Amino acid sequence: MLNGDGLQEQLPNMAGSPLTILAIKVDGIEDMYSLHGKGIADSIVWSIAHRLMSRKKPMAFLAHTGLGEFILVTPSAKCKELRGKARPIFELFSTPFVTDLGDVSFKVSVGAAFSEKEGGAATQAVSDAVAAMRIACWEQGNSFQQYDELLGTKLSQQFSIRSQLHKAIENNEFALHLQPKVDLGSGVVNSAEALIRWNSPELGRVSPAEFIPVAESTGDIIPLGRWVLQEAARLVQNPKLPASFSIAVNLSSKQFSDPALLSQLKQIHKRLKGTSRSLELEITESMVMAESADINRTLTKIKAMGFKIALDDFGTGYSSLSYLSRLQADTLKLDKSFIDPIPNDQQHADFVASIIQMVKALKLKLVAEGIESEEQFNWFAAQECDEAQGFFLARPLDFDAFLASLPLGRAQVDIPKPA
Ligand code: C2E
Ligand code: MG
Ligand code: MG
């Protein structure tokens, strides 16, 4: 396998043949380096490279050009639509990787470009494929993007986000919206998830799915994440909220490895001590699956202060449930992709019902996230899932609208009796 310099040296040797270039980004590898260290992360990169090499055609070559970023160059006939070329890559990633951390699945983003000529044109095509891959990364799940001229507009939007973000933090252009979580036993809303919103004077409304990854790459996530925690701690103390209210805050992995996080949480703990209000911290699977001593220590300290931990987007990262029994989480949030096929796909419904039973046996609380229909709501209530969150119940709302929408006592939703 080549590195970035090797790639530049090799490209002219492909002289004369049209080339398909795939830029492949394996999500979560940067987190692996920062959270679990170089040794573990390098060996994971090698197993990924090994799998990519196994499907490589003769005359093609593979380069590792950055943390979990690969370039695959293949001689091929001119092809207008390159999506088919990415399919084998997605297939390669459909089976989890066996690693020192257990079985691990990765989301992968693929950008593609075609070069009819060798040399400089091929170098440009590599840049185009990488640009397309950066756009593909914005999407959830495995994603594909082919380079075209319109991509320039999308990329310049990303650059604008990058250039505006820092100033936006200083100018306080953000707000926290709250989306209620309904207790499926009682119908009461006793908690909500805080979701950040950015209304930029220059860019208009920008989705967190777009600016959070940029904030993570620039480091702006640290001050932004600090603000989110402070603001959530302020809101949760509002006397108009029901007693014992809790707000769930999303933490990014960069924040989680920032030593200042613990001191901030200590201060918040002091402020909330003696009240019946609390914060819950949402983390993702890639942040906790290792038995890493550092991570476990941080989690133990956070939990000792009385903060509850929720595992967000559960089911998207790691296939094995076995590590859950050792995990320090209190709550699992079942990812929307598990909710969508319910109730029409019977086989899938049986599968999710068995996950719910397993989570109950582990004495963890289960939240179904992304409930969009009454049928889905009724199905999860009948399964005695603990909480539901989704557009069927309410969209994320600004704080005043959230207070105004709050049902006092029982929610205005009928909870069906279990079958
Ligand atoms: P998440 O933490 O998994 O949040 C749930 C996302 O699903 C939210 O998107 C929410 O609006 C959306 N959602 C909830 N119910 C439904 C539904 O029924 N249908 C559909 N289609 N969507 C639903 P949002 O607010 O755009 O946030 C996207 C992601 O951005 C979040 O996913 C989270 O990963 C990240 N994020 C949001 N706020 C913060 C924050 O304050 N800090 C950090 N680090 N990340 C944040
Ligand atoms: Mg969340
Ligand atoms: Mg989620």
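Residues numbered from 1 in each chain as written. Chains lettered and ligands numbered in written order. Predicted model: local features only at pLDDT ≥ 70, side-chain atom pairs only at ≥ 80, totals over all residues. Heavy atoms only, no water.

A. A look at the domain arrangement of the protein chain. For the protein chain, the assigned domains are domain 1 (4-147) and domain 2 (159-409). Each of domain 1 and domain 2 has a C-alpha centre, and these two points are 32 Å apart. (Domains from an automatic or database assignment.)

B. Representation of the sheet that holds strand β2 (residues 61-66) in the model. On the basis of which strands lie adjacent, the open sheet formed by 5 strands has the order β2-β3-β1-β6-β7 and mixed pairing. Because the sheet does not close on itself, it has two edges, and the strands there are β2 and β7 (143-146). Between one strand axis and the next, the sheet turns by 20° as a mean value, whatever way the strands run. In this sheet, strand β6 (residues 108-115) lies alongside strand β1 (residues 19-26) in antiparallel orientation, the contact comprising 8 bridges. Considered in β6, the bridge of A23 is made with G111. (Pairing = 2+ DSSP bridges. Helix = DSSP H or I, 4+ residues; strand = E, 2+ residues; numbered from the N terminus. Axes fitted to C-alpha atoms, helices over the stretch in contact; angles between N-to-C directions.)

C. Structural detail: the site of ligand 1. Within the structure, ligand 1 sits among 21 residues, and R197, N250, D312, E372 and F391 are positioned closest to it. Measuring from a nitrogen atom of ligand 1, one finds a side-chain N or O atom of Q179 at 3.1 Å. In isolation ligand 1 has 800 Å² of accessible area, and contact with the protein removes 81% of it. Only β9 (189-200), α7 (208-218) and β13 (308-314) provide two or more residues apiece to the shell around ligand 1. At 4 residues, the largest contribution of residues to the shell around ligand 1 is made by β9. For the shell around ligand 1, a count of residues per class yields 8 nonpolar, 5 polar and 8 charged. (Near = heavy atom within 4 Å. Polar contact = N/O pair within 3.5 Å; in protein donor to acceptor, adjacent residues only side chain to side chain. Areas by Shrake-Rupley, 256 points an atom, 1.4 Å probe, with all protein chains shown as cover. Nonpolar A, V, L, I, M, F, W, Y, C, P; charged D, E, K, R; others polar.)

D. Highlighting the coordination of the magnesium ion (ligand 3). Within the protein, D312 (OD), D313 (OD) and E369 (OE) serve as the donor atoms for the magnesium ion (ligand 3), at 2.1 to 2.3 Å. Spacing between the donor residues of the magnesium ion (ligand 3) along their common chain follows D-D-x55-E. Using a relative accessible area of 14% as the deciding quantity, one classes E369 as buried. (Donors = N, O, S within 2.8 Å, 3.2 Å for Na, K, Ca; no water. Buried < 20%, exposed > 50% of the residue type's maximum accessible area, 1.4 Å probe, protein only.)

E. Focus on the environment of G141. Residue placement: G141 occurs in the loop between α5 (120-136) and β7. In this structure the C-alpha to C-alpha distance between G141 and A349, which are 208 residues apart in sequence, comes to 21 Å. Ignoring any residue separated from it by four or fewer positions in sequence, one finds G141 in contact with K107 and V108. (Contact = heavy atoms within 4.5 Å.)

F. Geometry of the coordination of the magnesium ion (ligand 2). At this site the magnesium ion (ligand 2) is bound by E193 (OE), N250 (OD1), E282 (OE) and D312 (OD), with donor distances of 2.1 to 2.3 Å. When the donor residues of the magnesium ion (ligand 2) are listed from N- to C-terminus, their spacing reads E-x56-N-x31-E-x29-D.

G. Expanded view of the packing of aromatic side chains. A full pass over the atoms with the stated rule returns 10 aromatic pairs. With centroids separated by 5.6 Å and ring planes inclined at 50°, the aromatic side chains of F174 and F211 adopt a geometry described as tilted. Of this pair, F174 sits in strand β8 (residues 174-183) while F211 sits in helix α7, placing them 37 residues apart in sequence. Of the two residues examined, F174 and F211, each falls in the buried class. With 5.6 Å between their ring centres and 50° between their planes, F377 and F392 make a pair best called tilted. (Phe/Tyr/Trp six-rings, centres within 6.5 Å; stacked < 30°, edge-to-face > 60°.)

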